[in-house]
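Structural characterization, general
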Amino acid sequence: MVFKVFFPSCCASAESGLLIGHWIPEQNSAVVLAVVHFPFIPGQVKQYLSEVQQATRVNISVLGSWSNSKQEKEERLDKFLEDLSTIFSHEPWIQLSKERDSKIWSCRTFQKHPSSPKEDEFILVYYDQRKVMLSQLHPPDNLTTAAGHEADNASKLTAVFDTVSKSKVLFMMDRYDDGPIKLTHWQSEGVEASIIVELMKQASVPVCMLLTFLLSFVSSVCKSRVLKFWPLSFIWSKLSTCEQLGHRLEHLQIVSSNRKAQNQTQLMRKANIFVSFLIDLALGILLMSWLYRENRIGQLADTLIPVADHIAKELQDLLQWLMGVPAGLKMNRALDQVLGRFFLYHIHLWISYIHLMSPFIEMILWYVGLSACLGLTVALSILSDIIALLTFHIYCFYVYGARLYCLKIYGLSSLWRLFRGKKWNVLRQRVDSCSYDLDQLFIGTLLFTILLFLLPTTALYYLVFTLLRLLVVVVQGLIHLLVDLIDSLPLYSVILRLCRSYRLAAGVKFRVLEQKAGEPLRLLMQINPVSYGSVVQTYRLPTYACYPKDSWSSLCKKLFVGELIYPWKHKGEKQD
């Protein structure tokens, strides 16, 4: 029979004593957690192990004996260690021995009822107890579809990691404890802790209580009935800034909650949200300090009006070009003049509005710049809303052109069905046959001819303003993607993967240390970290991102028939 013994490398120099750990019968494996060295009283050891079992819910027992001989032969000590198997009845009883300052190890078992007459074989696996306890094992993504052998190996490895991680109480006893039992484990020289971290934990309690109270008050104000009436509800649902503030408010409520994380995933989510919020805040403060240095707000305000005038002049030149003979195309003169003057009047109104607001633009930008202290994402959301407001006339042009073009397309399709003796059945949502009289066919022919000859002029205006609208949407989409990246990127997990890769384990690899006949095979277990792509995919935070809600074919179809498109979905729909 082959036995696997997982032995902590920190116990290789421990004094002789008892092996404390967990036996996994399905794998014929023993996970050694600590060494109890002499002197000890067996009754106190049993009582201590029972207390640890109640605290950890892990069946921890005495697995065998450990002998670290100072001399080549210590027959009395070996005999004493063999006799301990009658006091601590564990089947099988493992005896590990090592000569001090030597690489020679011996391993054997003692069984009252051996299942096989053959000599037992041993695989001695060394592992770093600190890394295994602090690591979070991530099973492969395709575990459900993996082969049975791979899934079985993953479950065996999980059992070893869970045994070490759940035995945290056992590692809280160090050499400074005045107890009757002395243990050797990874914290036996002193419990690993930080004074700064402990002080921050104590100080965070009143801070979180105050923050929770303020956030609950703000949340109750946001959920009040006042904001549900028009136009406040409309403004709250359409402005990116309001949605981003609501998103950050939920993040703060999660972080400041006094409820303890139930598992490692919730703990990592809280840490990722907290680090993301801090970095967002730091970037916002840096942006605010840059804006208010060397009067950049005034320079930005002085630049805004000339840029708006330049854009308006370019639009006027574009409309003048469309009112002539654009690209050599012969347009309908009357409709061309009507549409061109209609859009030119809108540009004139827009320029008048911008110049009317020019004395207040610097003050508005000064107060808007202060919002950067709430985070870079809030500043970017405000920038997206400002772009939407400054290009509102382009949006109006697009809506006018799209509605007019869509009306003609649907009119032509309906009249085309009239020529073929068919009509659209509204109740049954299908095309049915229908008989028309001569007057209906004559009027339909006239209307079809008029719409067909006016279509090129309308289609050209629709095409130009649709391209302008799509340009604005692409710019806003890039800003939203940047906000989504800051909101959803698990920065804490990425930093943890970079600095302490063993904390995020994807699996293990074994390196052969020694393989000799008649001696146990000695392996070193090393942790394989999770890839950066898997870290981002596993711990990515939920966002209120703006992704296309239609396929590319559906968007092209809507563009062709003139339906209004909103290629960025509403932010109220949450993305996980």
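Cut-offs applied
- All residue numbers refer to positions counted from 1 along the written sequence of the respective chain.
- Owing to the predicted nature of the model, reporting of local features is limited to residues with pLDDT of at least 70; listing and counting of side-chain atom pairs is limited to 80 or more, with chain, interface and lining totals taken over all residues.
- The side-chain figures draw on all heavy atoms in the structure; neither hydrogens nor water molecules are used.
- Here a strand is any run of E in DSSP of at least two residues, a helix any run of H or I of at least four, and the numbering for each starts at the N terminus.
- Between buried and exposed lies partly exposed: a residue is buried under 20% and exposed over 50% of the maximum accessible area for its type, with that area taken using a 1.4 Å probe on protein chains only.
- Each accessible area is a Shrake-Rupley result for a 1.4 Å probe, and residues are judged covered by the shown protein chains and nothing else.
- UniProt positions are given in the numbering used here, feature names are shortened, and annotations may be inferred rather than shown by experiment.
- Comment: axis = line fitted to C-alpha atoms, over the contacting stretch for helices; angle = value between 0 and 180 degrees taken between N-to-C directions.
- Every angle not falling under 35 degrees, over 145, or within 65 to 115 is termed oblique; those three ranges are roughly parallel, roughly antiparallel and roughly perpendicular.
- Contact between two residues is taken to exist if any of their heavy atoms lie within 4.5 Å; hydrogens are not considered.
- Put simply, Ala, Val, Leu, Ile, Met, Phe, Trp, Tyr, Cys and Pro go in the nonpolar bin, Asp, Glu, Lys and Arg in the charged bin, and everything else, Gly too, in the polar bin.
- We call Phe, Tyr and Trp rings a pair once their centres come within 6.5 Å, taking the six-membered ring for Trp, and we label the pair stacked below 30 degrees between planes, edge-to-face above 60, and tilted otherwise.
- We treat two strands as partners when DSSP finds at least two bridges between them.
- To count toward a patch, a residue needs a relative accessible area above 30% and no salt bridge. Like charges then connect within 9 Å, nonpolar side chains (Val, Leu, Ile, Met, Phe, Trp, Tyr) within 5 Å.
- Salt bridge, as applied in this entry: a Lys or Arg side-chain nitrogen positioned within 4 Å of an Asp or Glu carboxyl oxygen.
- Take the residue count of a helix, subtract one, and multiply by 1.5 Å to get its expected span.
- Here the bend at a residue is taken as the angle between two axes, fitted respectively to the seven residues that end there and the seven that start there.
- Scored from 0 to 100, pLDDT reflects the predictor's confidence in each residue.

Under an unreviewed UniProt entry, the chain has the name Phosphatidylinositol glycan anchor biosynthesis class Q and belongs to Pelusios castaneus.

What about the overall build of the chain?
Along the chain, the regular secondary structure elements total 16 helices and 13 strands. In the chain, which comprises 576 residues, the proportion classed as buried is 40%. With an accessible surface of roughly 33,700 Å², the chain has 63% of that area assigned to carbon and sulfur atoms.

What to know about the UniProt feature "transmembrane region" (unreviewed entry) in the chain
The positions that UniProt labels "transmembrane region" (unreviewed entry) are, in the present scheme, residues 203-222, 273-292, 338-357, 364-391, 397-419, 440-464 and 470-495. Spanning residues 338-357, this segment combines 100% helix with 0% strand, and its end C-alpha atoms are found 29 Å apart. Spanning residues 397-419, this segment combines 100% helix with 0% strand, and its end C-alpha atoms are found 33 Å apart.

Considerations on the packing of helix α8 (residues 264-291) against helix α14 (residues 491-499)
Two elements in contact, α8 and α14, have axes whose closest approach is 7 Å; the angle formed by their N-to-C orientations is 100°. Comparing their axes, α14 and α8 come out roughly perpendicular. Touching Met268, Ala271, Asn272, Val275, Ser276 and Ile279 of α8 are Leu491, Tyr492, Ser493 and Leu496, all from α14. Classifying every residue of the contact of α8 with α14 gives 7 nonpolar, 3 polar and no charged.

Focus: the packing of aromatic side chains
Summed over all chains, the structure comprises 18 aromatic pairs. With centroids separated by 5.2 Å and ring planes inclined at 35°, the aromatic side chains of Phe7 and Trp66 adopt a geometry described as tilted. One end of the pair, Phe7, is in strand β1 (residues 2-8); the other, Trp66, is in strand β4 (residues 60-69), and 59 residues separate them in sequence. On the numbers, 5.1 Å between centres and 50° between planes, the contact of Phe397 with Phe465 is tilted. Taken together, the residues Phe397 in helix α12 (residues 392-419) and Phe465 in helix α13 (residues 438-488) connect sequence positions 68 residues apart.

Comments concerning the pairing of strand β5 (residues 93-99)
When you tally the buried positions in β5, you get 5 out of 7 residues, the bulk of the element. Summarising the sheet, β4 and β5 pair through 6 bridges and their orientation is parallel. Opposite Asn68, over in β5, you have Lys98 as the bridge partner. Pairing of β5 with strand β6 (residues 105-110), which is carried by 6 bridges, proceeds in the antiparallel orientation. Counterpart to Lys98 in the pairing with β6 is Trp105.

Thoughts on a nonpolar patch on the surface
A cluster of nonpolar side chains, namely Phe360, Met363, Ile364, Trp366, Tyr367 and Leu370, defines an oily patch on the protein surface of about 600 Å² accessible area. You can call Tyr367 exposed: its relative accessible area is 54%.

Brief notes about helix α10 (residues 333-370)
In an α-helix, one full turn covers 3.6 residues, which means residues spaced three or four apart are oriented alike. The end-to-end C-alpha distance of α10, which contains 38 residues, comes to 51 Å, matching closely the 56 Å that a straight helix rising 1.5 Å per residue would cover. Helix geometry: α10 is bent most strongly at Pro359, by close to 60°.

Focus on the pattern of salt bridges
Scanning all chains against the criterion turns up 7 salt bridges. When the shortest N-O distance is used, the salt bridge between Asp317 and Lys313 registers 3.3 Å. Of this pair, Asp317 and Lys313 both sit in helix α9 (residues 296-322), 4 residues apart, which is roughly one turn of that helix. Sharing partners across several salt bridges, the network here consists of Arg248, Asp280 and Asp487.

Quick word on the environment of Cys208
Structurally, Cys208 can be placed in helix α5 (residues 195-222). Taking the C-alpha atoms as reference, Cys208 lies 7.6 Å from Asn258; in sequence the two are 50 residues apart.

A few points about the confidence of the model for the chain
Mean pLDDT for the chain: 81, with 84% of residues reaching 70 or above. Overall, residues 567-576 carries pLDDT values under 50, and its contacts beyond four positions in sequence, including any with other chains, amount to 31 contacts.

Some points on the packing of α9 against α10
As a packed pair, α9 and α10 sit with axes 10 Å apart at the nearest point and diverge in direction by 180°. With respect to their mutual orientation, α9 and α10 come out roughly antiparallel. Residue composition of the contact of α9 with α10, grouped by class: 18 nonpolar, 6 polar and 3 charged.

Regarding unusual backbone geometry
Although it is not a glycine, Arg57 adopts a positive phi angle of roughly 60°. The topology assignment puts Arg57 in the loop between α1 (42-56) and β4.

Digging into the environment of Ser106
Locating Ser106 in the fold gives a position in strand β6. Residue class for Ser106 comes out partly exposed when judged on its relative accessible area of 35%. Taking the C-alpha atoms as reference points, Ser106 and Gln95, separated by 11 residues in sequence, lie 8.1 Å from one another. Residue contacts for Ser106: discarding those within four places in its chain leaves Gln95, Leu96 and Ser97.

Observations concerning the pairing of strand β12 (residues 504-514)
Direction of pairing for strand β8 (residues 136-137) relative to β12: parallel, over a ladder of 2 bridges. From the neighbouring strand, Gln136 faces β12, where its bridge partner is Leu504. Note: β12 against strand β13 (residues 521-529), 8 bridges, orientation antiparallel. Pairing of Val512 across the sheet is with Leu523, part of β13. Linking two consecutive strands that pair antiparallel, namely β12 and β13, is a turn of 6 residues; a positive phi of about 85° is found at Gly518 within it.

Some words on the side chain of Arg503
Mapped onto the secondary structure, Arg503 falls in the loop between α14 and β12. Residue classification places Arg503 among the buried positions, given a relative accessible area of 18%. Filtering out sequence-adjacent residues up to four positions away, Arg503 remains in contact with Leu134, Ser135, Gln136 and Leu496.

Observations concerning the environment of Phe122
In this structure, Phe122 sits in strand β7 (residues 121-127). Residues Phe122 and Met1, spaced 121 residues apart in sequence, show a C-alpha to C-alpha distance of 8.5 Å. When residues no more than four places from it in sequence are discounted, the contact partners of Phe122 are Phe3, Val5, Cys107, Arg108, Thr109, Pro520 and Leu521.

Comments concerning α12
With 28 residues, α12 extends 41 Å from end C-alpha to end C-alpha; this agrees with the ideal 40 Å at 1.5 Å per step. Count one or two residues on from α12 and you reach Gly421, which has phi positive near 70°.

With respect to the side chain of Ser61
If you trace the backbone, Ser61 turns up in strand β4. Overall, Ser61 belongs to the buried group, its relative accessible area being 18%. When neighbours within four sequence positions are excluded, Ser61 is seen to be in contact with Leu19, Ile20, Gly21, Leu49 and His90.

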